[in-house]
Amino acid sequence: MNLDNKFIQQRIEKVELLRSNGINPYANDSKRNTTISKYLNVNADIVHKENKRDEHRHYRVAGRIKLLRIMGKASFVNIEDESGSLQVYVARDNLPEDFYNEVFKKHIEVGDIIEVHGYPFVTGKGELSLHVDDLKLLTKSISPLPEKFHGITDKETRYRKRYLDLIMNSDVRKTFKTRSKVISLTRHFFEEKGFLEVETPMMHPIAGGANAKPFVTHHNALGIDRYLRIAPELYLKRLIVGGFEAVFEINRNFRNEGMDATHNPEFTSIEFYWAYKTYKDLIAITKEYFEYLFDHLDLPTILPYNDMEVDFSKFSEIPLIESLTTIGGVPADIVNDKEKIVAYLKDRGIDVNENLNLGLLQGELFDEFVEAKLINPTFITEYPVELSPLARRSDEKPELTERFELFIAGREIANAFSELNDPIDQLERFKGQMDAKESGDDEAHEMDEDFVEALSYGMAPTAGQGIGIDRLVMLLTNQHSIRDVLLFPAMKPLAKEEQNENDEDKN
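Residues numbered from 1 in each chain as written. Predicted model: local features only at pLDDT ≥ 70, side-chain atom pairs only at ≥ 80, totals over all residues. Heavy atoms only, no water.

### What about the sheet that holds strand E5 (residues 128-139)?
Now for step 1: In spatial order, the strands read E1-E2-E3-E5-E4; together these 5 strands close into a barrel with mixed pairing. Averaged over neighbouring strand pairs, the angle between their axes works out to 55 degrees when direction is ignored.
Now for step 2: Of the strand pairs in this sheet, strand E4 (residues 113-122) and E5 are connected by 10 bridges, and their pairing is antiparallel. Directly across from Ile114, in E5, lies its bridge partner Leu137. (Pairing = 2+ DSSP bridges. Helix = DSSP H or I, 4+ residues; strand = E, 2+ residues; numbered from the N terminus. Axes fitted to C-alpha atoms, helices over the stretch in contact; angles between N-to-C directions.)

Dropping the structure here:
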């Protein structure tokens, strides 16, 4: 807040004048007895009655002033609460003596939060409104809101000042209400399936559970570094070892990587682990989960997304290697030859680390030529072992794993596999990851000896899955940037001079 701003100074002066006249500009004695949406629903019948008012019904509602049309002896005010918007009619003769001229007209402004009492009536234009007989200022806004009809058009400002974005844009509030519903429905779905919700540590001694760069912090009391959670996977599987058979965690994860339309350094996902099941069972429950969400959110099966139409009634499956040729158009004689893959990528101007193993290079082909083409929900299955250090090998094809990733609208939404429960195989996989790290893969897994020891006591055959909540909400609300579904996304810091310029532009 820039106290030198002339508009803010004018409003601060009004705060002092209100106080000097015995009016508390920050009152804490609201007697609101209904919300705007309830008021509109309860009184909707008046619109169809011959008498377009009912002075026997009385309500007290509150909200922020979004529009103010002051006339001589009467004014129309639009107020808004979380549930909706309401027009109220304020007349001089219905208020205490001099209140309209000396308080309302001089000191009440757009942005202020007020409480009004009155009865319902319908205007000549047919709008259900509230006829005010008492008005109280609850909160004085000293920073002027952006002009209503233009709102906040600069996305940087919207993300940095989300509170202002929420004030000005009701559609933004709807998006975040949908997000909240998705999380709540996700929890209920898995609880109804018999899963137990658990909590695991957010500071890990070893960065593990996924291939990603960690954030590092320091534990002063122990005198050691800790890593913010990349994923809860290894802890959740320890619980399966311990005897729980179906667990889930809706979790915050942290990955020290770049920011773009689908990546934020901290994000939300659900991970769940299910004993005595395989990744095929997870494909079935994932389809059921989407049906559950669409039913409870009352969504059509075909949704628009970023100039595309996604049909959620059309789920398909295809092995990764097969997808390289049938979807990606990569020649079949290339996909299993390391040197040919490197040459193929270089010929197309794609930077590639020649030290990567065959499986990782096949992953590069997939990222470049397949992923963006997967519009309707597609389960990509049978990943190379090198891409899946924690997944169980296929008994029929030991070079592949029992794994899938779900892609929708060209983006990964979920990752799942039959879990590796052979402790010796897991130890060798970790060693392979350490070799990959030495070859330049700085996102490879660290060795987790305690997890290997946990497996040595025996983990039941288990399937596990993670679903990205942020990307899922993006799909369901047709938002094209992850920042539009995060209340407070990570942002580069502003220089102080730039911040001051933005404050001036706002006003």
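From this point, the narrative continues.
### Observations regarding the packing of helix H1 (residues 6-20) against helix H3 (residues 99-107)
Helix packing geometry: the angle between the two helix axes and the distance between the axes.
Now for step 1: Where H1 contacts H3, the two axes come as close as 11 Å, and the packing angle between them is 155 degrees. Here H3 runs roughly antiparallel to H1, going by the angle between their axes. In the packing of H1 onto H3, the handedness of the crossing is left-handed. Taken together, the residues of H3 that come into contact with H1 (itself represented by Lys14, Leu17 and Leu18) are Val103, Lys106 and His107.
Now for step 2: Class assignment of the residues belonging to the contact of H1 with H3 gives a composition of 3 nonpolar, 1 polar and 2 charged. (Parallel < 35°, antiparallel > 145°, perpendicular 65-115°, else oblique. Left-handed = near helix turned anticlockwise from the far one by under 90°. Contact = heavy atoms within 4.5 Å. Nonpolar A, V, L, I, M, F, W, Y, C, P; charged D, E, K, R; others polar.)

### Observations regarding the sheet that holds strand E6 (residues 196-197)
Now for step 1: With mixed pairing, 8 strands are arranged side by side in an open sheet as E6-E10-E11-E18-E17-E16-E15-E14. Each edge of the open sheet is held by one strand with a lone partner, namely E6 and strand E14 (316-319).
Now for step 2: Bridging between strand E17 (residues 411-418) and strand E18 (residues 462-468) involves 5 bridges; their strand directions are antiparallel. Residue pairing in the sheet places Ala416 in a bridge with Gln465 of E18.

### So, unusual backbone geometry
Residues other than glycine predominantly adopt negative phi, and peptide bonds predominantly adopt the trans conformation.
Now for step 1: For Asp98, which is not glycine, the phi dihedral falls at a positive 70 degrees.
Now for step 2: Structurally, the position occupied by Asp98 is in the loop between strand E3 (84-91) and H3.
Now for step 3: Even without being glycine, Glu382 reaches a positive phi, approximately 55 degrees.
Now for step 4: Looking at the secondary structure, you find Glu382 in the loop between strand E15 (378-381) and strand E16 (403-408).

### As for the nonpolar core
Now for step 1: Counting 44 residues, the largest nonpolar core has Phe190, Phe272, Tyr289, Phe290 and Ile408 as its most contacted members.
Now for step 2: If you tally residues by element for this core, the top one is helix H8 (residues 279-297), at 10 residues.
Now for step 3: Apart from the residues lying within four places of it in its own chain, the contact partners of Tyr289 are Val182, Thr186, Phe189, Phe190, Ile467, Ile469 and Leu472. (Core = buried A, V, L, I, M, F, W, Y, C linked by side-chain atoms within 4.5 Å. Buried < 20%, exposed > 50% of the residue type's maximum accessible area, 1.4 Å probe, protein only.)

### Here we look at the packing of helix H6 (residues 170-192) against helix H14 (residues 469-477)
Now for step 1: Where H6 contacts H14, the two axes come as close as 10 Å, and the packing angle between them is 125 degrees. With respect to each other, H6 and H14 are oriented oblique. The interaxial crossing formed by H6 with H14 has right-handed handedness. Residue-level inspection shows Thr175, Thr178, Arg179, Val182, Ile183 and Thr186 of H6 in contact with H14, the latter providing Ile469, Asp470, Leu472, Val473, Leu476 and Thr477.
Now for step 2: Among the residues forming the contact of H6 with H14, the class breakdown is 6 nonpolar, 4 polar and 2 charged.

### Some points on the side chain of Asp448
Now for step 1: Mapped onto the fold, Asp448 is located in the loop between helix H12 (423-438) and helix H13 (449-456).
Now for step 2: Engagement of the side chain of Asp448 in a polar contact is seen with the backbone nitrogen of Asp450, the distance being 3.3 Å.
Now for step 3: Within the structure, Asp448 has its side chain in polar contact with the backbone nitrogen of Phe451 (distance 3.0 Å).
Now for step 4: Ignoring sequence-local partners within four residues, the contact set of Asp448 consists of Ile206, Leu234, Arg238 and Phe430. (Polar contact = N/O pair within 3.5 Å; in protein donor to acceptor, adjacent residues only side chain to side chain.)

### With respect to the environment of Val90
Now for step 1: Its location among the elements puts Val90 in strand E3.
Now for step 2: Separated by 28 residues in sequence, Val90 and Gly118 have C-alpha atoms that sit 9.8 Å apart.
Now for step 3: When neighbours within four sequence positions are excluded, Val90 is seen to be in contact with Lys73, Ala74, Ser75, Val77, Leu95, Tyr100, Phe104, Val132 and Leu135.

### What about the packing of aromatic side chains?
Now for step 1: Per the stated rule, a full pass over the model turns up 21 aromatic pairs.
Now for step 2: An angle of 65 degrees between the planes, with centres 5.9 Å apart, marks the rings of Phe290 and Phe315 as edge-to-face. With Phe290 in helix H8 and Phe315 in the loop between strand E13 (308-311) and E14, the pair connects residues that are 25 residues apart, well separated along the chain.
Now for step 3: Accessibility expressed as a relative area gives 3% for Phe290, which makes it buried.
Now for step 4: Positioned over the ring face of Tyr344 is Arg348, at 3.6 Å from the centre of the ring.
Now for step 5: The side chain of Arg403 reaches across the aromatic face of Tyr383, ending 4.1 Å from its centre. (Phe/Tyr/Trp six-rings, centres within 6.5 Å; stacked < 30°, edge-to-face > 60°. Lys NZ or Arg CZ within 6 Å of the ring centre and 35° of its normal.)

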